[in-house]
Amino acid sequence: MSQASEETREHWSGSLAFVLAAVGSAVGLGNVWKFPYITGMHGGGAFVLVYLGCIALVGLPILMAEMVVGRRSQAGPVGAFRSLAAPDRGGKLWSIWGYFAILTGFLLLSFYSVVGGWTVAYALKSVFGQFASGTPSEIKAMFGAYSGDPVSSTMSHAIFMVVTIGVVYSGVSKGIERAARTLMPLFFLLLIFLLGYATATTGFGEAMNFMFQPNFSDLTAAGILEALGHSFFTLSLGMGAVIIYGSYLPKDSTLYGSAIAIGFFDTFVALTAGVVIFTIVFSQGMAPGSGPSLVFETMPVLFSQIPYGSLLSTAFFTLLAFAALTSGISLLEVVVSFFVEEFDMDRHLAALSLGGAIFFFGLLSVLSNSLLADFKPFGATIFGNLDYFISNWALPLGGFGVAVFAGWGVDRDEWWDEMKDDWFGRTAFRGWLFLTRVVAPLAIILILMNLMGFLSLEA
Ligand code: TRP
């Protein structure tokens with residue numbers, strides 16, 4: 001039996017605090033670093049359309065599913081699956097999914113923190129005016145030099161992990177609520193400001209065409225899988241982060257409204273970041289498909305050319321680092337609360353030891369850009385492999401598990417009991433259940449089979 005009883009379990013102060021924390025978890029490097037670069041690599045518009053479809057039909061129902069699984073069980077993924085599963089529908093076997101989720105969180109944070117460290121480094125570089133002058137190609141070259149230096153990038157990875165550990169160490173609602181409440185709104189404002197700037201720039205029209213005019217011949221099976229995987233990555237789904245956050249939800253919180261708000265803000269940030277970045281790409285004649293370095297090569301070029309550039313650059317990378325931090329926290333929280341709830345481990349000890357282990361494991365990803373750059377099992381670096389297998393396979397499979405579990409492993413009446421008081425009522429409930437039982441699992445299976453070549457949806 002876990003020691004975190006209902007009365008002692010920490011809770012958010014209300015729905016708004018939950019939405020802020022969940023938006024804090026969802027909005028992060030996935031939106032500003034990853035979404036633009038994978039959109040660039042997969043040809044733009046058609047990829048964006050598939051991504052939006054995945055968010056609406058797969059991501060949102062699973063987001064709701066994770067929220068109710070957490071709120072109903074008042075536990076993390078392992079405890080939740082164990083306690084909610086109907087005995088005749090798999091019963092305790094379901095908790096295996098929970099262990100898988102913990103491992104996924106561990107591995108994801110190990111490379112996430114490396115990119116988070118780059119944003120910290122770029123914030124510092126901006127303070128010192130390093131992007132204030134120089135040609136675009138000089139500025140672009142700074143990224144390769146930084147990420148290729150094992151010592152500096154180990155240091156920034158360490159800074160990112162230390163701060164993440166610090167917040168999880170002092171407990172969720174105190175640390176996370178406060179950080180999310182002020183910094184996320186500031187980040188939105190800055191992005192809107194930059195968007196305004198982009199509209200007045202020559203590459204804006206081309207950027208809009210690139211992102212919103214689908215050209216289906218650019219779409220591959222790998223691109224569709226990437227869009228699906230990213231819909232999980234960006235909403236923080238498939239490894240129990242939202243289950244944990246949902247377990248801190250008070251019973252009177254609104255579920256559908258919260259899920260829609262989270263989906264809206266997350267998508268808004270991704271699309272805005274994409275438009276800003278591709279505007280820079282096209283005004284500067286850069287290549288949209290340059291990969292993971294994209295945000296670090298484009299934004300500083302913009303800041304080098306506009307008034308108050310160093311100041312804006314400092315603000316941008318600092319806020320991005322905070323957005324990454326509120327996401328990293330949710331990843332570490334899943335791993336830490338598992339050891340606290342299942343093994344009665346002291347929270348402080350768990351945060352320090354597991355965070356430390358993730359730091360050390362993350363060194364493999366740090367060094368993927370320098371000493372281990374030529375070590376390429378399956379044709380990619382360790383960093384590349386982790387990102388590919390975790391984002392595109394582990395998260396969708398984890399999400400598939402949640403959907404099947406919530407849809408079929410738990411009694412329908414149990415959900416109706418949990419959700420009937422929500423002001424969206426019975427129709428919304430039916431819609432959610434249908435998406436969770438049928439549409440989301442089927443979409444995931446079809447996309448995975450399509451990639452493995454059992455189906456050929458490509459023209
Ligand atoms: N959603 C975050 C981002 O877009 C990353 C993240 C945080 C995450 N927690 C997660 C991804 C849990 C998957 C699962 O940057």
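Residues numbered from 1 in each chain as written. Predicted model: local features only at pLDDT ≥ 70, side-chain atom pairs only at ≥ 80, totals over all residues. Heavy atoms only, no water.

Draft legend 1. Just the site of the ligand, in detail. Near the ligand, the surroundings consist of 18 residues, among which Ala26, Gly30, Tyr112, Phe233 and Ser236 are the closest. One of the backbone nitrogen or oxygen atoms of Gly30 is found 2.7 Å away from an oxygen atom of the ligand. Taking 370 Å² as the accessible area of the ligand by itself, protein coverage stands at 100%. A molecule is said to occupy a pocket when more than half its atoms come within 2 Å of that pocket's grid points, and by this definition the ligand occupies the largest cavity. Those elements giving two or more residues to the shell around the ligand turn out to be α1 (15-26), α2 (29-41), α5 (95-127), α10 (221-235) and α14 (309-343). In terms of residue class, the shell around the ligand is made up of 10 nonpolar, eight polar and no charged. (Near = heavy atom within 4 Å. Polar contact = N/O pair within 3.5 Å; in protein donor to acceptor, adjacent residues only side chain to side chain. Areas by Shrake-Rupley, 256 points an atom, 1.4 Å probe, with all protein chains shown as cover. 1 Å grid on protein atoms, 1.4 Å probe; cavity = no way out; pocket = protein on both sides within 12 Å on 5 of 7 lines; lining within 4 Å. Sits in = over half its atoms within 2 Å of the grid points. Helix = DSSP H or I, 4+ residues; strand = E, 2+ residues; numbered from the N terminus. Nonpolar A, V, L, I, M, F, W, Y, C, P; charged D, E, K, R; others polar.)

Draft legend 2. Inspection of unusual backbone geometry at higher detail. For Gln74, which is not glycine, the phi dihedral falls at a positive 55°. Among the structural elements, Gln74 can be located in the loop between α3 (45-73) and α4 (77-84). Unusually for a residue other than glycine, Asp344 sits at a positive phi of about 60°.

Draft legend 3. Just empty space enclosed by the protein, in detail. Considering all chains together, one arrives at four cavities of 30 Å³ or more under this definition. Of the pockets and cavities examined, the largest cavity occupies roughly 140 Å³. Along the wall of the largest cavity there are 16 residues; nearest its centre are Ser25, Leu108, Phe233, Ser236 and Leu331. (Points joined across faces, edges and corners; volume = space filled by probe spheres on them.)

Draft legend 4. How the structure looks around the packing of α3 against helix α16 (residues 382-409). Packing of α3 against α16 brings their axes to within 9 Å, and their N-to-C directions diverge by 65°. In this structure, α3 meets α16 at a crossing whose hand is left-handed. Residue-level inspection shows Ile62, Ala65, Glu66 and Val69 of α3 in contact with α16, the latter providing Gly399, Val402, Ala403, Phe405 and Ala406. Considered class by class, the residues forming the contact of α3 with α16 number seven nonpolar, one polar and one charged. (Axes fitted to C-alpha atoms, helices over the stretch in contact; angles between N-to-C directions. Left-handed = near helix turned anticlockwise from the far one by under 90°. Contact = heavy atoms within 4.5 Å.)

Draft legend 5. Looking closely at the layout of surface pockets. By volume, the second largest pocket is sized at about 270 Å³. With six residues, the top contributor of residues to the lining of the second largest pocket is α16. Of the residues that constitute the lining of the second largest pocket, the class distribution is seven nonpolar, four polar and three charged.

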